[in-house]
Amino acid sequence: MIIAPSLLAANYARFRDEARRVQRARADWLHVDIMDGHFVPNLTFGPGIVAMLKRCTRLPLDVHLMCSRPETLLQPFREAGAWGLTVHVELDGKVPSLLWKIRSLGARVGLAVNPPTPISAVKPFLKLVDLVLVMTVNPGFGGQSFIEETVPKIQQVARWRRESGHDFRIQVDGGINYQTVRECAAAGADAIVSGTTLFRSRNLKAAVAKMRRIAEEAAAGAVATSRPAAEAAPDGALSAAG
Ligand code: DX5
Ligand code: ZN
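What counts, and where the lines are drawn
- Residues numbered from 1 in each chain as written.
- Chains lettered and ligands numbered in written order.
- Predicted model: local features only at pLDDT ≥ 70, side-chain atom pairs only at ≥ 80, totals over all residues.
- Heavy atoms only, no water.
- Donors = N, O, S within 2.8 Å, 3.2 Å for Na, K, Ca; no water.
- Tetrahedral: all angles 85-135°; square planar, octahedral: opposite > 155°, others 65-115°.
- Helix = DSSP H or I, 4+ residues; strand = E, 2+ residues; numbered from the N terminus.
- Buried < 20%, exposed > 50% of the residue type's maximum accessible area, 1.4 Å probe, protein only.
- Pairing = 2+ DSSP bridges.
- Axes fitted to C-alpha atoms, helices over the stretch in contact; angles between N-to-C directions.
- Contact = heavy atoms within 4.5 Å.

Undergrad: Just checking my understanding: could you explain the coordination of the zinc ion (ligand 2) for this structure?
TA: For a metal bound by four donors in a tetrahedral arrangement, the ideal donor-metal-donor angle is 109.5 degrees, while six donors in an octahedral arrangement ideally sit at 90 or 180 degrees. Within the protein, His31 (NE2), Asp33 (OD), His64 (ND1) and Asp173 (OD) serve as the donor atoms for the zinc ion (ligand 2), at 2.1 to 2.3 Å. Coordination at the zinc ion (ligand 2) comes from six donor atoms whose angles at the metal span 68 to 174°, giving a geometry best classed as octahedral. Considered as a linear motif, the donors of the zinc ion (ligand 2) on their single chain read H-x1-D-x30-H-x108-D. Of this pair, aspartate 33 sits in strand S2 (residues 30-35) while aspartate 173 is found in strand S7 (residues 169-173), placing the two residues 140 residues apart along the sequence. You'll find aspartate 33 and aspartate 173 in the same group, each marked buried.

Set out below in structure tokens:
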């Protein structure tokens, strides 16, 4: 179970210390949100911040590009030290070349899907990715509320993973706290991004350990009960199993 604190919720006045604190907290990845003010109504960090983070921590830098033209950014972020690069399936016709470019750069290939987008949009790319990011909020800001309707999308992509044998991670991102992580992990998520809940805790190490324990217990419980997966309708929307 991967726990990836989201830098968006960190103390911007102390990024170097925050990156070191995340590493000491035994998190697995550091999630870095790149926003261009166009794909989402917010603006965040450039390759220079990733280069600084790379000097501060050994943690893999999981870079989430909420950008309309990531094709111009993939190489600069990879050269700055990005380990994973995730782009959005909403970029439609550009997706195949973006995934190919990320792979050619030697980075971990991630594909994100926003809450309003049907999960069927990612199905053609499952054999090309190392990670599917099911957004559990509409991207752009930290501290938002979890969107329950995204849980069936996690279940559906987990079902496709089981059926296909493809070995990709299922990541969730947005509004993940000690309650919502439980249902996401039970649905099949195995990479957890959390900003507010983790960075607002007094003890980040204890918070990371608590979130990992809850997620692992929920995932194990789901396997143990091996509840019949809900039947998926053609568009990937789920109807409860009869
Ligand atoms: C939202 C970002 C998320 C966000 C998560 O657009 O992609 O990574 O920072 O933060 P919380 O956990 O506060 O929702
Ligand atoms: Zn993110």
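So much for the structure itself; the text now carries on.
Undergrad: Would you explain the sheet that holds strand S5 (residues 108-113) in this entry?
TA: The strands making up a sheet associate through backbone hydrogen bonding, with each pair oriented either parallel or antiparallel. On the basis of which strands lie adjacent, the open sheet formed by eight strands has the order S1-S8-S7-S6-S5-S4-S3-S2 and parallel pairing. Each end of this open sheet is capped by a strand with a single partner; those strands are strand S1 (2-5) and S2. Each neighbouring strand pair of the sheet contributes to a mean axis angle of 25°, computed without reference to strand direction. Helix-sheet contacts for helix H2 (residues 47-56) involve S2 and strand S3 (61-66), and the interaxial angle to S3 is about 165°. Against the sheet, helix H5 (residues 151-164) touches S5, strand S6 (131-135) and S7, its axis set at about 170° to S7.

Undergrad: Help me understand the pairing of strand S8 (residues 191-194), please; the structure alone is not making it clear to me.
TA: The two faces of the sheet receive side chains in turn, since in a regular strand these alternate between them. Where burial is concerned, the two faces of S8 agree: the one with Ala191 and Val193 and the one with Ile192 and Ser194 are both buried. Two elements, S7 and S8, share three bridges in a ladder whose sense is parallel. Opposite glutamine 171, over in S8, you have alanine 191 as the bridge partner.

Spatial relationships are all this shows, so hold off on functional conclusions.
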